[in-house]
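# Structure assessment
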Amino acid sequence: MLKILRIIVVAFLAMVISLVGTVYALVRLRNPSSVGVIARMYSAMHPLLGFKLIRRPREEFNQPAIYIANHQNNYDMVSISSMVPPRTVTIGKKSLIWIPFFGLVYWATGNIFINREKRSSAISTMNKVGEIIQQRQISVWMFPEGTRSRGRGLLPFKTGAFHTAINAGVPIVPIVCSTLHNKIDLNRWDNGIVICETLDPIETSGYNRENIKDLIDKCHAIMQAKIEQLDQEVAELERQAKA
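Rules behind the numbers
- Residues numbered from 1 in each chain as written.
- Predicted model: local features only at pLDDT ≥ 70, side-chain atom pairs only at ≥ 80, totals over all residues.
- Heavy atoms only, no water.
- Core = buried A, V, L, I, M, F, W, Y, C linked by side-chain atoms within 4.5 Å.
- Buried < 20%, exposed > 50% of the residue type's maximum accessible area, 1.4 Å probe, protein only.
- Helix = DSSP H or I, 4+ residues; strand = E, 2+ residues; numbered from the N terminus.
- Contact = heavy atoms within 4.5 Å.
- Patch = residues over 30% accessible without salt bridge, like charges linked within 9 Å, V, L, I, M, F, W, Y side chains within 5 Å.
- Areas by Shrake-Rupley, 256 points an atom, 1.4 Å probe, with all protein chains shown as cover.
- Salt bridge = Lys/Arg side-chain N within 4 Å of Asp/Glu carboxyl O.
- Pairing = 2+ DSSP bridges.
- Phe/Tyr/Trp six-rings, centres within 6.5 Å; stacked < 30°, edge-to-face > 60°.

In terms of nonpolar packing, the biggest core is built from 64 residues, with Ile66, Ile68 and Phe162 touching the most fellow members. For this core, the element with the highest residue contribution is helix α6 (residues 212-242), accounting for eight residues. Setting aside anything within four residues of it in sequence, one finds Ile66 in contact with Ile133, Val140, Met142, Ala161, Thr164, Ala165, Val170, Pro171, Ile172 and Val173.

Here it is, written out as structure tokens:
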């Protein structure tokens, strides 16, 4: 019963937020800071799912960058999405625009669309992202795993985010969220604690196509270690709460 009630309430609020967010985004048409504002609107629903969200952004860092985050499941919308910094957009497949309520707000907030069915088009778009970053002085949020991990741990990274950072001459900033797999049970009142944290920027000036794998491996190792650290912290905080 609790699960059904939560689904109904969250679905209703998601539609309301999408409508309000669309109006907000249209008023500020294609303003890149709208992405983070609306993302935090969705994230504000996390208490309805029964978990406490601890956010640790790095607000003093405000230059263009490629933000890379671990992509776990649908609950990313109410957890790590809250970490989107100002003047940061995302890259999504064109089919997103056809999602009811969500599609219009996704377009209006200035996100970048690619056609994944046509490899040449996607590559061309990615090559242009670096120019867009410099011209508009914006950042781009990407999930380098390319798909939701769904309990399989931090998956191998694809190269797109790293090529883009090198071409644009901007740092990579990892953002991680503690493990969500099997964390949230909609039939349970208390689903514990989730921590999201922005890590130190990683300079890309010393990397190129020849040694890009070193950069990818470095970012993956840093994020993997931090996720494990956050999971341990969550376990300890939840243990103290039950004591």
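Once the structure has been displayed, the description carries forward.
Turning our eyes to something else, we now look at a nonpolar patch on the surface. There is a patch of nonpolar side chains on the surface, built from Phe12, Met15, Val16, Leu19, Val20 and Phe101 and spanning about 530 Å² of accessible area. Of note, Leu19 is situated in helix α1 (residues 2-27). The class for Leu19 is partly exposed, based on a relative accessible area of 49%.

Below, the discussion takes up the pairing of strand β7 (residues 193-198). Most of β7 is tucked away: six of the six residues are buried. Neither face of β7 is exposed, since Ile193, Ile195 and Glu197 on one face and Val194, Cys196 and Thr198 on the opposite face are all buried. Bridge count for strand β1 (residues 52-56) against β7 is five bridges, and the pairing is parallel. Across the sheet, the residue bridging to Ile54 is Ile195, located in β7. Relative to β7, strand β6 (residues 172-177) is paired through three bridges, and the arrangement is antiparallel. Note that in β7 the partner of Val176 across the bridge is Glu197.

The geometry of an aromatic ring pair comes down to the distance between the two centres and the angle between the two planes. A full pass over the atoms with the stated rule returns two aromatic pairs. Judged by centre distance (6.1 Å) and plane angle (85°), the ring pair of Trp141 and Phe143 falls under edge-to-face. Its relative accessible area of 5% is what places Trp141 among the buried residues. Exposure remark for Phe143: the relative accessible area of 28% places this residue in the partly exposed category. Considering the side-chain rings of Phe157 and Phe162, the 5.9 Å spacing of their centres and the 20° angle between planes classify their relative orientation as stacked. According to the relative accessible area criterion, Phe157 is buried, its value standing at 11%.

Any link to function would need more than the numbers given here.
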